[in-house]
Amino acid sequence: MVTALDHLTKWSAKFGTAGAAVLPCCCGCPARRRPARPESSPLGDACLPGRCGNVKEAARAWLAAADGEAMSVTTPKDPFAVLRTKKYLALLILAAVLGIVISFLIYWLLKLIADIQTWVFTDLPKDLGFHGEPPWWPLLPLAVAGAIVGAVIRYLPGRGGHSPADGFKAGGVALPAELPGILVAAVASLGLGAVVGPEAPAIALGGGLAVLVVKLARRDMPASTYAVIAAAGSFAGISTLLGNPLAGAFLLLEASGLGGPMATIVLIPGLLGAGLGTLIFLGLNAWTGYGTFSLTVPNLPPAAHLDLAQFGWALAIGLAAAVVSFGIKWLALFLRPHVERRLLLLTPLAGLAIAGLAIAFGEATGKPSSDVLFSGQTALTPLLEHAASYTAGALVLLIVCKGLAYSISLSSFRGGPTFPGMFIGAAGGIALSHLPGLPMIAGAAIGIGAMTAGMLLLPMTAVLLTTLFLGTDGIKTMPLVIVAVVVSFVLSKWLAGPPPEPKVPEPEEATVPPQVR
């Protein structure tokens, strides 16, 4: 019987010392290759099998090392034992204090951004003698925003935070030297009209500020503690923004990938099954009148009736949202390297292009240019409340203009990708509700969930955000949203293709002394 040890022995004898690092050998030869391994490896100083040494013994050492590493990642008998320690209690108290402080600071940061938007786009034109905001006015603040953000990316540490064209990212901790650049880029981008959201700066600033405070108070904490403190600050920052601690925690947990990629792969079929199962239960309840056999409190107002036509619209909108999301991200990634070659010149020009799209929409429809500008977070509610005042043509033009402005902003400015995608999804769903078989609220809910899943690639978060945002209507339409989210997420992943393989540097040819050749 051929064993794994025999295969490893033959492999070692055939390939010799390929890919090993040149280090002193334990057996006394002047230069022998042995594996480049972490210091914690139980392998010791055994040589990699080659032209000298015992091939069988070295192979056994490799297998023993693999077994040791596999055993080291097993779950402890009591994984919650740490909860009963005084250090963990102190950590909870510290996290609570930091949560209060970070939430306070992020709240006033968002208030500052809102005040800047009001002053620049409403008060300043009146102070300069205009009766209102002139149609050409967005050109000025967005050119200024481009100049500021371009300078921050070019000259300040941290490049103003990560580029939103890469999607939503929750990993990493901003260093203290990077915080000023992140703050300035976020205020300029969000306050002066770029089509990005505040969630990414809120997370980066929350985590970075929390670590900075702890470092100033105590410098001898282990790295693992700093990681937990950064997570607490990020949770506080995003929860302040979303107005809901559950949504913030859910967003960061899914984005951080704590369960690994397989967690999402396993949960997606379950999410789809749950959504379709709810549709079946609602249909059977309407047919038989027996009820849905749920734990829901009875005698509440009945949910809106979901039918087969709405299910078909959920499939169609999920497919369309994936294509639109892919196009927005593709254009952003295509433009970004061109902008980064000449940041100080092309970032202001990107701002002018965004302003031009907003002006074109306003002049063509008579609607405010702010529908195209900004993240869409505050404009989403008025869009839903006054949906009847938008024609189908105006909504289509809004999707085109805001989608292009969104791509340009992702390629050039700093912020998050969440809220503009939600706004575009809502506009698309409302536009399609002019067609038969799709109520307006259902169309908006499906569009919001599908675009959020396509842009963030976080399906669970997309369902939760849509449900929380729409309240009772979100709960009623949740099965449709789940179907659209799953379709959008799967197709988005398929369109994106496999991730590029990491480039492994070629090992340098080692110089071996003549006497051991």
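No experiment lies behind these values; they were computed from the predicted model shown. (Residues numbered from 1 in each chain as written. Predicted model: local features only at pLDDT ≥ 70, side-chain atom pairs only at ≥ 80, totals over all residues. Heavy atoms only, no water.)

**Student:** How do you make sense of the pattern of salt bridges when you look at a structure like this?
**Tutor:** For side chains of opposite charge, pairing can occur when their charged atoms come near one another. Enumeration over the complete set of coordinates arrives at three salt bridges. Residues K111 and D115 are paired through a salt bridge, measuring 2.8 Å at the closest nitrogen-oxygen approach. With a gap of four residues between them, K111 and D115 both fall in helix α3 (residues 86-127), about one helical turn apart. On the basis of relative accessible area, K111 is assigned to the partly exposed category, the value being 37%. Two residues, E340 and R159, come together in a salt bridge whose shortest N-O distance is 3.3 Å. Separated by 181 residues along the polypeptide, E340 in helix α10 (residues 308-341) and R159 in the loop between α4 (139-155) and α5 (179-191) bring together distant segments of the chain. By relative accessible area, which is 36% here, R159 ends up partly exposed. (Salt bridge = Lys/Arg side-chain N within 4 Å of Asp/Glu carboxyl O. Helix = DSSP H or I, 4+ residues; strand = E, 2+ residues; numbered from the N terminus. Buried < 20%, exposed > 50% of the residue type's maximum accessible area, 1.4 Å probe, protein only.)

**Student:** Which parts of the structure should I look at to understand the packing of aromatic side chains?
**Tutor:** Both the distance between ring centres and the angle between the ring planes are used here to describe each pair of aromatic rings. Counting across every chain of the model gives seven aromatic pairs. Ring plane angle 65 degrees and centroid distance 6.4 Å describe the contact between F130 and W137, whose orientation is recorded as edge-to-face. The exposure class of F130 is partly exposed, given its relative accessible area of 34%. The class for W137 is buried, based on a relative accessible area of 3%. Seen in terms of ring centroids, W330 and F334 are 5.4 Å apart; in terms of plane orientation they differ by 10 degrees. Their pairing is stacked. Within this pair, W330 and its partner F334 are both found in helix α10, separated by four residues, close to a single helical turn. Looking at F334, the relative accessible area reads 43%, which means it is partly exposed. The positively charged end of K367 is found above the aromatic ring belonging to Y390, 4.3 Å away from the centroid. (Phe/Tyr/Trp six-rings, centres within 6.5 Å; stacked < 30°, edge-to-face > 60°. Lys NZ or Arg CZ within 6 Å of the ring centre and 35° of its normal.)

**Student:** What is the right way to look at the confidence of the model for the chain in this model?
**Tutor:** Parts of the prediction with low pLDDT should not have their coordinates interpreted in detail. Summarising the model, the chain shows a mean pLDDT of 76, and 67% of its residues fall at 70 or more. Mean pLDDT values over the elements of the chain span from 40, in strand β1 (residues 21-23), up to 96, in helix α13 (residues 392-412). Scored below 50 in pLDDT, residues 1-56 shows 80 contacts in the model against residues more than four places distant or in partner chains. Low pLDDT, under 50, characterises residues 61-73; the stretch is placed with 11 contacts to residues that sit more than four places away or in other chains. (pLDDT = per-residue confidence, 0-100. Contact = heavy atoms within 4.5 Å.)

**Student:** Help me understand the packing of α10 against helix α11 (residues 343-365), please; the structure alone is not making it clear to me.
**Tutor:** Helices that pack against each other are described as a pair by the angle of their axes relative to one another and the distance between those axes. One can describe the packing of α10 onto α11 by two numbers: an axis separation of 6 Å at closest approach and a directional angle of 130 degrees. Overall, the two elements α10 and α11 adopt an arrangement that is oblique. Here H338, V339, E340 and R341 of α10 come into contact with α11, specifically with L343, L346 and T347. Its residues placed into classes, the contact of α10 with α11 shows three nonpolar, two polar and two charged. (Axes fitted to C-alpha atoms, helices over the stretch in contact; angles between N-to-C directions. Parallel < 35°, antiparallel > 145°, perpendicular 65-115°, else oblique. Nonpolar A, V, L, I, M, F, W, Y, C, P; charged D, E, K, R; others polar.)

**Student:** Got a minute to help me understand a nonpolar patch on the surface in this structure?
**Tutor:** Together, L89, L92, I93, V97, I100, V101, F104, L105, Y107 and W108 line one region of the surface with nonpolar side chains, adding up to about 1,000 Å² of accessible area. Mapped onto the elements, L89 comes out in helix α3. The exposure class assigned to L89 is exposed, which follows from its relative accessible area of 51%. (Patch = residues over 30% accessible without salt bridge, like charges linked within 9 Å, V, L, I, M, F, W, Y side chains within 5 Å. Areas by Shrake-Rupley, 256 points an atom, 1.4 Å probe, with all protein chains shown as cover.)

**Student:** Please clarify how the side chain of T452 should be interpreted in this entry.
**Tutor:** Mapped onto the elements of the fold, T452 is located in helix α15 (residues 440-456). Of note is the side chain of T452, whose polar atom sits 2.6 Å from the backbone oxygen of I448. Among all residues touching T452, those that are not within four sequence positions of it are M422, L457, A462 and L465. (Polar contact = N/O pair within 3.5 Å; in protein donor to acceptor, adjacent residues only side chain to side chain.)

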